[in-house]
Amino acid sequence: MMLPSFAAHPFIALRPMSHATESTEFEFEPSHATTVALSPAAMDWAVRACQQHPDESQQWPTLLRAMAVQGLQTWLESGANDLPLYYDPNGLPTPDSLYTVNDFRLAIVAQGSLSDDVVTIPQSSLDDAAHFAHLYILAEVHEEADQVTILAGLRRDHLLAHQRRGDLILQADGTYVVPVAYFDRSPEDILLYLTCLNPDQLAASSPESAPTQATPASALSATGQRPDLAQSMDRLINAGRWLRDQLDTVADGLAWNLLPPLAPAHAMMSVSTPAEQLEAVLRQLAPQGVSIPRTARGAYTDLQRVGLPFRLYALTWTMFESSPPEWSIIFFLGPVPGEQLPPGIRLVVRDAEGILVNQTPGPDLTYVYGQVIGAWDEQFTVTVEMPNGSTLNWPPFAFQPEI
């Protein structure tokens, strides 16, 4: 349930925002280099892989694919999250090979240095209901320099939209020809998806491109655009462990960081750390009736690692005065120092029944926040919706302090 008092004060002005005269369109600069150099071991693997192909005419494209696999693995491991790429090291990289990161299946489309305007993908990677790719990764292989550049990504639901419009023609060899221009996601978006999204969201067709007539693909869109608690129950962020100064493996894997015990009543000489920044926020909220008990413990995650200048805090505590006891969690979404929330960004908190918090910043506002309370077996999901329509979703937050 949502606290009525918070609903009455959805936005709090914590410091004046600068009124920029330039465009307010949300933009961010990529923070993760997209070109990686392959190690000698990676090159050895790629050469051995291509030499396994019995058809000599296919050894060159096999080498490009093998180098692209090694390049993607190196690129993912070099990021802040050290995302693991799973594949069969003894397998032959073929056009229909898929690779796994978290619960996502990736198809790697390799280009040589002399790139074309179109690429081909196997029909199975799009149409096989049990073995399709969630994301297509376009990688340019600089074979002469032992380097790979991660160029862009393409979501399955976006490719399905092209298919429904008749833009994809199935060729006699069982492949689709895909213009490179269809790859519309930046490498930073790829990291964002792999870190924060549920792969089911990329598996569904997009509602804006769904056909008017009912089809199996359009039926998926009804559930694919919203967090589905039932589909995510196997991955929970256990906020109850924060009370024991611990993070669970899911939160740790998603780059959440524990905060020290709060001291909001103490005057701070600076607000340089995330904890000090949050405590400054809480001191300013206190006169408006926002009271956080000293027993509350929290964590935060910086979204700068995916190129977004924001920080999401969460604080939780128990409420033994109610019967049965309940737990509360409050989320704060704000900018990192020197930045500001873009107009149109939205903080949404849901339980199994629906939306409890739905807040966007107004003029001269720095943070948005929302608090929810529930029984110990209740769970809540939080979503940050970007002005450009993309979303960041985390697994449900649960309260299991004894686990």
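What follows is about the overall build of the chain. Of regular secondary structure, the chain possesses 10 helices and 19 strands. Burial analysis of the chain (403 residues in total) assigns 52% to the buried set. Taking contacts inside the chain between residues at least 6 apart in sequence as the whole, the part at least 24 apart equals 66%. Surface summary for the chain: the accessible area is close to 18,200 Å², and the carbon and sulfur share equals 53%.

What follows concerns the nonpolar core. Side chains of a nonpolar character, in soluble globular proteins, are inclined to be buried together. Of all hydrophobic cores here, the largest spans 36 residues; its most connected members are L72, L76, L106 and L194. Where this core is concerned, the elements lending two or more residues are α2 (40–51), α3 (59–78), β3 (99–101), β4 (104–111), β6 (135–142), β7 (147–155) and α6 (187–196). Ranked by residue count, the leading element in this core is α3, at 9 residues. Not counting residues within four places of it along the chain, the set of residues in contact with L106 comprises L72, L85, S97, L98, Y99, V101, A133, L135, I137 and L194. A239, L308, M386 and F399 belong to the second-largest nonpolar core, a separate cluster that totals 35 residues.

With that settled, the discussion passes to the packing of aromatic side chains. Each aromatic ring pair is characterised by the separation of its centres together with the angle its planes make. On inspection of all chains with the given rule, the structure shows 13 aromatic pairs. Feature note: the residues W242, W256, F331, W394 and F397 constitute an aromatic cluster, connected by ring pairs. A cation over a ring is seen here: R156 above F132, with NZ or CZ 3.9 Å from the ring centre.

With respect to burial, helix α5 (residues 156–164) is a largely interior element, 7 of its 9 residues being buried. Among the residues of α5, R156, D157, H158, L159, L160, A161 and H162 are the ones counted as buried. Contacts from the buried residues of α5 go to β5 (118–122), α4 (123–127), β6, β7, β8 (175–179) and α7 (199–203). Positive phi shows up at G166, right after α5, with a value of about 80°.

Most of strand β16 (residues 367–375) is tucked away: 8 of the 9 residues are buried. Examined bridge by bridge, strand β13 (residues 326–335) and β16 share 8 bridges and lie antiparallel to one another. Bridge pairing links W327 to G374 in β16.

Turning to the sheet that holds strand β18 (residues 391–393), a few remarks are in order. Overall, antiparallel pairing links the 4 strands, which are arranged β15-β14-β17-β18 in an open sheet. Among the strands making up the open sheet, the edge pair consists of β15 (354–359) and β18. Recorded for the sheet is a direction-independent mean angle of 20° between the axes of neighbouring strands. Two strands pair when backbone bridges link them, and strand β14 (residues 346–351) and strand β17 (residues 381–385) are joined in this way by 5 bridges, in the antiparallel orientation. Counterpart to L347 in the pairing with β17 is V384.

Tallying each qualifying case throughout the model produces 6 salt bridges. The partner of D302 in a salt bridge is R311, and the shortest N-O contact between them spans 2.5 Å. According to the relative accessible area criterion, R311 is buried, its value standing at 7%. The residue E385 makes a salt bridge to R346 at a minimum N-O spacing of 3.8 Å. Of this pair, E385 sits in strand β17 while R346 sits in strand β14; the two residues are 39 residues apart in sequence, bridging distant segments of the chain. Of the residues examined, E385 reaches a relative accessible area of 17% and is grouped as buried. A cluster of three or more residues bridged by salt bridges with shared partners is formed by D184, R185 and D189.

Attention now moves to the sheet that holds β3. Across a sheet, strands are paired by hydrogen bonds formed along the backbone, either parallel or antiparallel in direction. Ordered in space as β2-β7-β6-β4-β3, the 5 strands form an open sheet in which the pairing is mixed. Pairing within the sheet leaves two strands with one partner each, and these edge strands are β2 (35–37) and β3. Each neighbouring strand pair of the sheet contributes to a mean axis angle of 35°, computed without reference to strand direction. One ladder, built from 3 bridges, connects β3 with β4; its direction is antiparallel. Across the sheet, Y99 pairs through a bridge with L106, a residue of β4. With respect to the sheet, α3 is in contact with β2, β3, β4, β6 and β7, its orientation differing from that of β4 by roughly 125°. Running at roughly 60° to β7, α5 makes contact with β6 and β7 of the sheet.

What counts and how
- Residues numbered from 1 in each chain as written.
- Predicted model: local features only at pLDDT ≥ 70, side-chain atom pairs only at ≥ 80, totals over all residues.
- Heavy atoms only, no water.
- Helix = DSSP H or I, 4+ residues; strand = E, 2+ residues; numbered from the N terminus.
- Buried < 20%, exposed > 50% of the residue type's maximum accessible area, 1.4 Å probe, protein only.
- Contact = heavy atoms within 4.5 Å.
- Areas by Shrake-Rupley, 256 points an atom, 1.4 Å probe, with all protein chains shown as cover.
- Core = buried A, V, L, I, M, F, W, Y, C linked by side-chain atoms within 4.5 Å.
- Phe/Tyr/Trp six-rings, centres within 6.5 Å; stacked < 30°, edge-to-face > 60°.
- Lys NZ or Arg CZ within 6 Å of the ring centre and 35° of its normal.
- Pairing = 2+ DSSP bridges.
- Axes fitted to C-alpha atoms, helices over the stretch in contact; angles between N-to-C directions.
- Salt bridge = Lys/Arg side-chain N within 4 Å of Asp/Glu carboxyl O.

Geometry only, nothing functional implied.
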